[in-house]
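# Working through the structure, step by step
Next come the chains, spelled out residue by residue.
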Amino acid sequence: MFQNFPYCLSPVANLWVVKLILLSTWTCFAFSLLLQINKDDVTALHCKVVCLIQNGSFKEALSVIHTHTKVLTSDSITFEKAYCEYRLNRIENALKTIQSASQQTDKLKELHGQVLYRLERYDDCLAVYRDLIRNSQDDYEEERKTNLSAVVAAQSTWDKVEPEDLGLQEATYELCYNAACALIGQGRLNEAMKNLQKAEDLCRQSLSEDSDVTEEDIEAELAIIHGQMAYIMQLQGRTEDALQLYNQIIKLKPTDVGLIAVIANNIITINKDQNVFDSKKKVKLTNAEGVEHKLSKKQLQAIEFNKALLAMYTNQADQCRKLSASLQSQNPEHLLPVLIQAAQLCREKQHAKAIELLQDFAEQSPADSAQIKLTMAQLKIAQGSVTKACIILRSIEELKHKPGMVSALVTMYSHEEDIDSAIEVFTQAIQWYQEYQPKSPVHLSLIREAANFKLKYGRKKEAISDLEELWKQNPKDIHTLAQLISAYSLVDPEKAKVLSKHLPSSDTMSLKVDVDVLENSPGATYVRKKGGKLTGENQQKEQGQGDVKKKKRKKKGKLPKNYDPKVTPDPERWLPMRERSYYRGRKKGKKKDPIGKGTQGATTAGTSELDASKTASSPPTSPRPGSITAASSAATSNMIPPRHQKPAGAAATKKKQQQKKKKGGKGGW
């Protein structure tokens, strides 16, 4: 899982209590000329070191100090040396230099607090700032309180220590911001958001008073506050709003590389395995120069973890292995690198290697064995080995009696139809609570669930002891008593009869309902038959049986329209026609002569009548005018020529021909 984090405002890095003289480049050159005359002039050397520090030439200043160690004693130049080492990110050397001083001045204590904060020794840092605020009186009290609140915020965020109330008034936007960071560490997100809004207002108000500050400068100063607001939105699940605010900050291109790295990392956590191309771009922002000096160790560690996860999601297997192996070498006791490696092996379908890797780490780190075994069980379930997963889960001693674990094991065993093992899980959990938390709500809940489970699978004899325990705890529980009687009825009927005496009588259980009012209500569907007074035996029966429901009258069936009451109906009228005794089948119709078969224009029916050669007197081929009689002319006028006749199958034949033409494809010829 991707890890995101806030960006705490660190103590003011350039806070100098001592008032150094602002020297320009030509002044430094002037001191160099003086040193050519007298190389061992302590005052000139000291001023040159201060001048180089003011110009940001920390390496040169440190070189001058190391070159003239005999002249510049440790007590006279300790602060300048430690400050140069601090600015060059040689934090351990700076701490040694400060601790070697014979006298701890206020300016050394101030620098000592800065060094301890960078080393993440927040308890010692808090003690230093408390001592400074208590024993110093100058114009830098507000800055010290800001640094003190930053230390408290870091303790709450990284060490998960509940901060104590130091009585710091949130008069500046820096104090409001650090207070919000402390509230985020405690999970009080709504209060933290209010503090950030107050910090934004104070920041705008203080910066707008300066005429030289532009709106862009104000937005750049507010970037860190807006970044923390977006982080709270992300924690609250408002990822769309958080992502929009993150992108707005990146567009401003702030100069704080630490802030950019944190925002880029948090965007990656929102993207997860989606929008990986954008995540790849954001990863480059986390690799900026100097980031390692701006963020805490946990922040840098989380960024590296997210890089490995992103490599896994983008199918960069070699890169993922390389990053996770590097993380494991840097943090051999950390579980997450091992989980990333196991996840990568699972993506490559190497489940056996993943389980072996987790097993080896579990033996090396017993403290994380529970989480590792849970992961191993999940992998076994993914492989379909539910029984092996149950064995792994039951080996987790600190979790096997928990209700959630019991529920999971019983469900899995039930799926495998291993009822005996499921009952054994219930028994072991009940025994644990009987020994350590007897009669607790969880204990009684497990007993009830065990009894219901046994009754569900027909183990009534085994459920008796659980039901008796429940009934002893609550003798008024009628439901449990009924279950107990039902279980005893199959094992010991006499015992069931004895227990049935504890059931309440039917009179106490009956509901007091006014039947007349219920029947007269609009929703009543039952009507009691109102008859005359009943006497004798009928009255007794009526009192014993109660009201009798009125019978519904049968409706007379409808008769057919052609019904004749004098004619006896056919007894076989309900049978299908084919199954009746008098059915003889359908009469086949006369075959009609096929017309239109053969060659075009030929006919089969009436050909003899149309054949002129078969007639007694056939007219000549070219009749003479006036030679045809009236009868013959009338007969020929009613006759249809062969070419004008339409055969019966002509339409079907035409359709078949059209279909054949279509099958031929294009062309049509």
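So, how was this worked out
- Residues numbered from 1 in each chain as written.
- Predicted model: local features only at pLDDT ≥ 70, side-chain atom pairs only at ≥ 80, totals over all residues.
- Heavy atoms only, no water.
- Helix = DSSP H or I, 4+ residues; strand = E, 2+ residues; numbered from the N terminus.
- Contact = heavy atoms within 4.5 Å.
- Areas by Shrake-Rupley, 256 points an atom, 1.4 Å probe, with all protein chains shown as cover.
- Phe/Tyr/Trp six-rings, centres within 6.5 Å; stacked < 30°, edge-to-face > 60°.
- Buried < 20%, exposed > 50% of the residue type's maximum accessible area, 1.4 Å probe, protein only.
- Expected span 1.5 Å × (residues − 1).
- Core = buried A, V, L, I, M, F, W, Y, C linked by side-chain atoms within 4.5 Å.
- pLDDT = per-residue confidence, 0-100.
- Salt bridge = Lys/Arg side-chain N within 4 Å of Asp/Glu carboxyl O.

### Side note on the overall build of the protein
- When you go through the protein residue by residue, the secondary structure sums to 32 helices and zero strands.
- Here the analysis covers contacts within the protein between residues at least 6 apart in sequence; of these, 54% occur between residues at least 24 apart.
- For the protein, the accessible area works out to roughly 44,300 Å², and carbon and sulfur atoms hold 52% of it.

### Comments concerning the packing of aromatic side chains
- A full pass over the atoms with the stated rule returns eight aromatic pairs.
- The interplanar angle of 80 degrees and the centroid separation of 5.0 Å between the aromatic rings of W432 and Y433 together place this pair among those described as edge-to-face.
- According to the relative accessible area criterion, Y433 is buried, its value standing at 5%.
- Linked through ring pairs, F58, F79, Y83 and Y86 together constitute an aromatic cluster.

### Let's talk about helix α9 (residues 173–185)
- For α9, built from 13 residues, the straight-helix expectation of 18 Å at 1.5 Å per residue is met to within 8% by its first-to-last C-alpha distance of 19 Å.
- Among the 13 residues that make up α9, 12 are buried, leaving the element largely enclosed by the rest of the structure.
- Buried residues along α9 sit in contact with α8 (141–158), α10 (189–208) and α11 (215–235).
- Downstream of α9 by a residue or two, G187 has a phi angle that is positive, lying close to 85 degrees.

### As for the side chain of H226
- Mapped onto the secondary structure, H226 falls in helix α11.
- On the basis of relative accessibility, which here comes to 12%, the residue H226 falls in the buried class.
- Not counting chain neighbours up to four residues away, the residues in contact with H226 comprise E200, E219, L245 and I249.

### Some points on the nonpolar core
- One finds L358, I372, L393, V406, V410 and F453 to be the most contacted residues of the largest nonpolar core, which totals 40 residues.
- Where this core is concerned, the elements lending two or more residues are α17 (336–347), α18 (351–364), α19 (369–383), α20 (386–394), α21 (403–415), α22 (419–436) and α23 (441–456).
- Sort the elements by how many residues they give to this core and α22 lands first, with eight residues.
- If you look at the next biggest cluster of nonpolar residues, it comprises 38 residues, including L52, L148, V151 and A154.

### With respect to the confidence of the model for the protein
- Considering every residue of the protein, the mean pLDDT works out to 78; 75% of them sit at 70 or more.
- Considering only residues more than four positions removed or in separate chains, one finds that residues 614–637, a stretch of pLDDT under 50, has three contacts.
- Note that pLDDT drops below 50 for residues 660–669; the model gives that stretch zero contacts with residues more than four away or on any other chain.

### Examining the pattern of salt bridges
- One pass over the full model with this rule turns up 17 salt bridges.
- D131 is the partner of K109 in a salt bridge, and the nearest nitrogen-oxygen pair spans 3.1 Å. Note that K109 is positioned in helix α6 (residues 106–118) and D131 in helix α7 (residues 122–135), a separation of 22 residues in sequence.
- Among the residues examined, K109 registers a relative accessible area of 22% and is labelled partly exposed.
- For the salt bridge of R204 with E200, the shortest nitrogen-to-oxygen distance reads 3.8 Å. On the criterion of helical spacing, the pair formed by R204 and E200 is a turn pair, its members being four residues apart in helix α10.
- For E200, a relative accessible area of 16% corresponds to the buried category.

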